Protein chains: 2
Amino acid sequence: MNTERHIATAFDRDLEAVQAMTLKMGGLVETAILNAALALESRDEELAEQVRAGDTAIDALENLINTEAARLIALRSPTAGDLRTVLTVMKIAAALERCGDYSKNMAKRTALLARMPPIGSAPGALRRMAKAVQLQLKDALDAYIRRDAELAAEVRLRDLDVDQMYNGLFRELLTHMMEDPRNISACMHLHFIAKNIERMGDHATSIAEQVIYLVTGSAPAEARPKSDPTRAAGGEA
Amino acid sequence: MNTERHIATAFDRDLEAVQAMTLKMGGLVETAILNAALALESRDEELAEQVRAGDTAIDALENLINTEAARLIALRSPTAGDLRTVLTVMKIAAALERCGDYSKNMAKRTALLARMPPIGSAPGALRRMAKAVQLQLKDALDAYIRRDAELAAEVRLRDLDVDQMYNGLFRELLTHMMEDPRNISACMHLHFIAKNIERMGDHATSIAEQVIYLVTGSAPAEARPKSDPTRAAGGEA
């Protein structure tokens, strides 16, 4: 009996260490998203370079989380629920790593865009999208830590907002390109950035879905609400 | 002793079952990539619809692989090397699922593009890119099954070809957009498709890197060769 409790405690302690790393990773990724968007809007190449350089720390944390999680599984042999928790942490870390990559990619385009004609209100719209996604990520991680399926469900629904923001921006960019071919290159980059932010929202949503599955034991009932903006815009344009 | 051997055999048998599912999933994804590209080129909306519908089976296989892998870990408590193998299979399944999604996305755009002006040789170039990526995936999975780090390293290097193909197509699309604004919508869709195929190549590369890590115990030494095509093209355009 005593031994069993000791094993349980050791698992909890190890899990908390891995979770702490994941939250730290989440914090770095959130900062990267916001700074990448801010650098783009203010044409701040130095801040963009910071975001690029910072991705190494994010990648290193994912590796550490994977190693520690595997060590935890091998050492503590967790059963059903505990094992699912560890595997969920690994999936969250993988999603965060992708978001870090997208932020780095956004930062890479800042220097290029700084040498092209500015495109209306697009950078401001991108910053608002980035802010919405950062909050989605933050709340998805909070939902994980608190095992809060309701908050997770709310995060999941918020993805529709991000999709709508992307939709609007896509149309705006189309008009800029049609008006003046000299805008095309800049708009292609801005469009990529918009799509990448929208994808980060998808990753936040998938973290929220992992949390719902972890807490309730079943995947969200209804299909995720998903507007298909390029489809609509493409159909009309 | 007898018990130990029995446990080892049970693990091997379970692992083989999960691996078989992963290979089956790989086969479905490879077919989806090729058919999506073919449907696009031949404007075959029926084939595109098949690809879309087929993604459900791919997603279901990923879920099954995750469930079975977790069950395997919980039941057999594999240690270091064996555990790493199971976690690698789960990562491979996640990469394949992403590729399935990209193929579905490509298929979705086929109906739209069929109603827009054709854009030069772009669909043919996309088909060639898709073929190259399908071969990358196939060989990465072969490298996994045969624990062949050399083949995996070769797959990894081939990503440069895909990047170069993407680079060329990106420039071609830019010229079409600049020549005639009525081409812009179609080119935006084709560009997305090209980027998604390029991303599938990245996933094949990451599978190859997992294999290298699994076999040699360390990550590939040199950074992955990576041309940054949009950067170059963007800088000049």
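These figures come from a predicted structure and were not determined experimentally. (Residues numbered from 1 in each chain as written. Chains lettered and ligands numbered in written order. Predicted model: local features only at pLDDT ≥ 70, side-chain atom pairs only at ≥ 80, totals over all residues. Heavy atoms only, no water.)

1. Some points on the side chain of B:Gln134
Short version of the rule: Numbering of helices and strands runs from the N terminus, with a helix taken as a DSSP run of H or I at least four residues long and a strand as a DSSP run of E at least two residues long. Note on contacts: a residue pair is in contact if any heavy atoms of the two residues lie within 4.5 Å.
Among the structural elements, B:Gln134 can be located in helix α4 (residues 122-145). Residues in contact with B:Gln134, not counting those within four places in the same chain, are B:Glu30 and B:Leu34.

2. Focus: helix α4 (residues 122-146) of chain A
Defined as follows: Multiply 1.5 Å by the residue count of a helix minus one, and that product is the helix's expected span.
End to end, α4(A) covers 36 Å across 25 residues, agreeing with the expected 36 Å (1.5 Å per residue, within 8%). Positioned one or two residues after α4(A), A:Arg147 has a phi angle of 50°, which is positive.

3. With respect to the packing of aromatic side chains
Stated precisely, the cut-off is as follows: Stacked, edge-to-face and tilted labels apply to pairs of Phe, Tyr and Trp rings (six-membered ring for Trp) whose centres lie within 6.5 Å, assigned for plane angles under 30 degrees, over 60, and everything in between, in that order. Under the scheme applied here, a residue whose accessible area is under 20% of the maximum for its type counts as buried, over 50% as exposed, and between as partly exposed, the area being computed with a 1.4 Å probe on protein chains only. As a reminder, the over-ring test applies to NZ of lysine and CZ of arginine, requiring each to be within 6 Å of the ring centre and within 35 degrees of the ring normal.
Here the structure, examined in full by the defined rule, presents three aromatic pairs over all chains. With a centroid separation of 6.2 Å and an interplanar angle of 35°, the aromatic rings of A:Tyr166 and A:Phe170 are classed as tilted. A residue pair is termed a helical-turn pair when its members lie 3 or 4 positions apart in one helix, as A:Tyr166 and A:Phe170 do in helix α5 (residues 149-179) at four residues. Here A:Tyr166 and A:Phe170 have matching classes, each one buried. Aromatic pair A:Phe192 and B:Phe192: ring centres 6.5 Å apart, planes at 75°, arrangement edge-to-face. Within this pair, whereas A:Phe192 is found in helix α6 (residues 184-216), its partner B:Phe192 is found in helix α6 (residues 184-216), the two belonging to separate chains. Overall, the relative accessible area of 3% leaves B:Phe192 in the buried class. Between the NZ or CZ atom of A:Arg147 and the centre of the ring of A:Tyr144, over which it lies, the distance is 4.4 Å.

4. Observations regarding the interface of chain B and chain A
For clarity, the threshold we go by: When two components associate, each loses some accessible surface as probed by a 1.4 Å sphere; the sum of these losses over both components is called the buried area. Any Lys or Arg side-chain nitrogen found within 4 Å of a carboxyl oxygen on Asp or Glu counts as a salt bridge. As used in this structure description, the phrase polar contact means that two N or O atoms lie within 3.5 Å; if the pair is within protein, one of them must be able to donate a hydrogen and the other to accept it, and residues adjacent in sequence are counted only when both atoms belong to side chains. Amino acids outside the nonpolar list (Ala, Val, Leu, Ile, Met, Phe, Trp, Tyr, Cys, Pro) and the charged list (Asp, Glu, Lys, Arg) are all regarded as polar, and Gly is one of them.
Between chain B and chain A, the residue contacts involve 38 residues of the former and 38 residues of the latter. Carbon and sulfur atoms make up 65% of the surface buried where chain B meets chain A, a total of about 3200 Å² over both sides. Counting the contacts that link chain B with chain A gives one salt bridge. The residue B:Lys91 makes a salt bridge to A:Glu62 at a minimum N-O spacing of 4.0 Å. There are two residue pairs in polar contact (both at pLDDT 80 or more) connecting chain B and chain A. Counting residues per element, the side of chain B that touches chain A draws most heavily on α6(B), at nine residues. Split into classes, the residues belonging to the side of chain B that touches chain A amount to 20 nonpolar, nine polar and nine charged.

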